[in-house]
Amino acid sequence: MQKFNSDELAVRLEKLQGWTYENGSIVKTFVFKDFKEAFAKMTLIAFEAEGLNHHPDWENVYNRLTVRLNTHDMGGITQNDFDLAERIEAITG
Ligand SMILES: C[C@H](O)[C@H](O)[C@H]1CNC2=NC(N)=NC(=O)C2=N1
């Protein structure tokens, strides 16, 4: 598993909605109806992350969830991060 360079990142980010590259991670902030919805989505994401063995760096404040993805083991962004981002997009719709 190789980490992507900036060109490879840009191509892949274009395929996702609302994700940006910030300080070594791909990042997206979600705003949900309320805390219950945010936490329900986090629970679904958690199971996907566990299934992929690839886990987010995330922050939840009430109905807002910021997700940061990077591959610690590679010190950069890899396909694993995009795989999880795609699962997150499917869950958050
Ligand atoms: C030992 C365990 O498989 C590794 O630490 C996995 C777990 N989840 C992970 N999650 C993320 N985001 N990056 C990793 O490099 C990573 N590695």
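Here the structure is shown first, and the text comes after it.
Thresholds, definitions, all that
Residues numbered from 1 in each chain as written. Predicted model: local features only at pLDDT ≥ 70, side-chain atom pairs only at ≥ 80, totals over all residues. Heavy atoms only, no water. Pairing = 2+ DSSP bridges. Helix = DSSP H or I, 4+ residues; strand = E, 2+ residues; numbered from the N terminus. Axes fitted to C-alpha atoms, helices over the stretch in contact; angles between N-to-C directions. Contact = heavy atoms within 4.5 Å. Polar contact = N/O pair within 3.5 Å; in protein donor to acceptor, adjacent residues only side chain to side chain. Core = buried A, V, L, I, M, F, W, Y, C linked by side-chain atoms within 4.5 Å. Buried < 20%, exposed > 50% of the residue type's maximum accessible area, 1.4 Å probe, protein only. Patch = residues over 30% accessible without salt bridge, like charges linked within 9 Å, V, L, I, M, F, W, Y side chains within 5 Å. Areas by Shrake-Rupley, 256 points an atom, 1.4 Å probe, with all protein chains shown as cover. Salt bridge = Lys/Arg side-chain N within 4 Å of Asp/Glu carboxyl O. Near = heavy atom within 4 Å. 1 Å grid on protein atoms, 1.4 Å probe; cavity = no way out; pocket = protein on both sides within 12 Å on 5 of 7 lines; lining within 4 Å. Sits in = over half its atoms within 2 Å of the grid points. Nonpolar A, V, L, I, M, F, W, Y, C, P; charged D, E, K, R; others polar. Parallel < 35°, antiparallel > 145°, perpendicular 65-115°, else oblique. Left-handed = near helix turned anticlockwise from the far one by under 90°.

Thoughts on the sheet that holds strand S1 (residues 20-22)
- One open sheet holds the four strands; their spatial order is S1-S2-S4-S3, and the pairing between them is antiparallel. Two strands lie at the open edges of the sheet, namely S1 and strand S3 (57-61), each paired on one side alone. Here the strands of the sheet are splayed against their neighbours by 25° on average, with no regard to which way each runs.
- In terms of strand pairing, strand S2 (residues 25-31) meets strand S4 (residues 64-69) through six bridges, oriented antiparallel. Bridge assignment links Val27 to a residue of S4, and that residue is Arg68.
- Packed onto the sheet, helix H3 (residues 79-92) meets S2 and S4 and runs at close to 10° relative to S2.

Some remarks on the environment of Glu22
- Relative to the elements of secondary structure, Glu22 occurs in strand S1.
- On a C-alpha basis, the gap between Glu22 and Ile91 in space is 22 Å, while along the polypeptide they are 69 residues apart.
- In this structure the side chain of Glu22 is engaged in a polar contact, spanning 3.0 Å, whose partner is the side chain of Thr20.

Section: the nonpolar core
- Judged by nonpolar contacts, the single largest core of 21 residues is most densely connected at Trp19, Ile26, Leu69, Phe82 and Ile88.
- Secondary-structure elements contributing two or more residues to this core are helix H1 (6-14), S2, helix H2 (35-52), S4 and H3.
- Considering each element in turn, this core owes the most residues, five residues, to H3.
- The residues touching Phe82, leaving out its near neighbours within four places in the chain, are Phe4, Leu9, Arg12, Leu13, Leu16, Ile26 and Ile77.

Points about a nonpolar patch on the surface
- Taken together, the side chains of Phe35, Phe39, Val61 and Tyr62 present a nonpolar region at the surface, about 420 Å² in accessible area.
- Structurally, Phe35 is set in helix H2.
- The partly exposed category is assigned to Phe35, whose relative accessible area is 38%.

Focus on the site of the ligand
- Lining the immediate surroundings of the ligand are Asn53, His54, His55, Asn70, Thr71, His72 and Asp73.
- His72 places a main-chain nitrogen or oxygen 3.1 Å from an oxygen atom of the ligand.
- Computed on the free molecule, the ligand has an accessible area of 390 Å², of which 67% lies beneath the protein chains in the complex.
- Its atoms largely coinciding with the cavity grid, the ligand occupies the largest pocket.
- Residue composition of the shell around the ligand, grouped by class: no nonpolar, six polar and one charged.

Details of the packing of H2 against H3
- Where H2 meets H3, the closest approach of the two axes is 10 Å, and the angle between their N-to-C directions is 150°. Between H2 and H3, the crossing angle belongs to the class labelled roughly antiparallel. Note on packing geometry: the crossing formed by H2 with H3 is right-handed. Here H2 contributes Lys41, Leu44, Ile45, Glu48, Ala49 and Leu52 to the contact with H3, which in turn contributes Asp83, Leu84, Arg87, Ile88 and Ile91.

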